[in-house]
Amino acid sequence: MMTINKMIDLQTYDEKKMAKQIVIEEEKSKVIVFNFLPGQVMPKHGHPHKNAYVVVVEGEGTCHLDNIDSAVQQGDIIHCNPQQKISIENNGSTSMTVYVVHADE
């Protein structure tokens, strides 16, 4: 069965914290959309046994991957392997949306 989700419908925000929506969850993969208002941060964390593929859909900010900080913006794609820890921060002036796919090794 095919599933179609519209990104615009997944872009909801929470004034208090980064908003998280699980879009698809299957046995070996998961798709999540995170929405950040300016100043909001995804805490540094890892996913043992999973690769994470992150696409910046809208906005700009900083990706903290292990001990490297990189500016990211709309259209950037980030890969985080199972041994790495990642954090994303919206330090821009507009909202930020990231689309994440977790896939088992």
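Everything discussed here concerns the structure shown above.
Reading the values: the criteria
Residues numbered from 1 in each chain as written. Predicted model: local features only at pLDDT ≥ 70, side-chain atom pairs only at ≥ 80, totals over all residues. Heavy atoms only, no water. Helix = DSSP H or I, 4+ residues; strand = E, 2+ residues; numbered from the N terminus. Buried < 20%, exposed > 50% of the residue type's maximum accessible area, 1.4 Å probe, protein only. Pairing = 2+ DSSP bridges. Axes fitted to C-alpha atoms, helices over the stretch in contact; angles between N-to-C directions.

1. Observations concerning unusual backbone geometry
Logical step 1: The backbone phi angle of histidine 49 is positive, close to 70°, even though this residue is not glycine.
Logical step 2: With respect to the helices, strands and loops of the structure, histidine 49 is situated in the loop between β3 (41-46) and β4 (50-58).
Logical step 3: Overall, histidine 49 belongs to the exposed group, its relative accessible area being 59%.
Logical step 4: Of note in the backbone geometry, aspartate 66 takes a positive phi value of approximately 55° without being a glycine.
Logical step 5: Of note, aspartate 66 is situated in the loop between β5 (60-65) and β6 (68-73).

2. Details of the environment of isoleucine 68
Logical step 1: Position of isoleucine 68 relative to the elements: it lies in strand β6.
Logical step 2: Taking relative accessible area as the criterion, isoleucine 68 reaches 56% and is therefore assigned exposed.
Logical step 3: Sequence separation between isoleucine 68 and isoleucine 86 is 18 residues, and the spatial gap between their C-alpha atoms is 9.6 Å.

3. A word on the sheet that holds β3
Logical step 1: A sheet is described by the order of its strands in space; here 4 strands give the open sequence β3-β8-β5-β6, paired in antiparallel fashion. The open sheet has two edge strands with one neighbour each: β3 and β6. With strand direction ignored, the average angle separating the axes of adjacent strands in the sheet is 15°.

4. Comments concerning the sheet that holds strand β2 (residues 29-36)
Logical step 1: Reading across the sheet, the 5 strands line up as β1-β2-β9-β4-β7 and stay open at both edges, with antiparallel pairing between neighbours. Only two strands of the sheet have a single partner each, and these edge strands are β1 (19-25) and β7 (77-80). The average undirected angle you get between the axes of adjacent strands in this sheet is 20°.
Logical step 2: Examined bridge by bridge, β2 and strand β9 (residues 96-104) share 8 bridges and lie antiparallel to one another. Counterpart to phenylalanine 34 in the pairing with β9 is valine 98.

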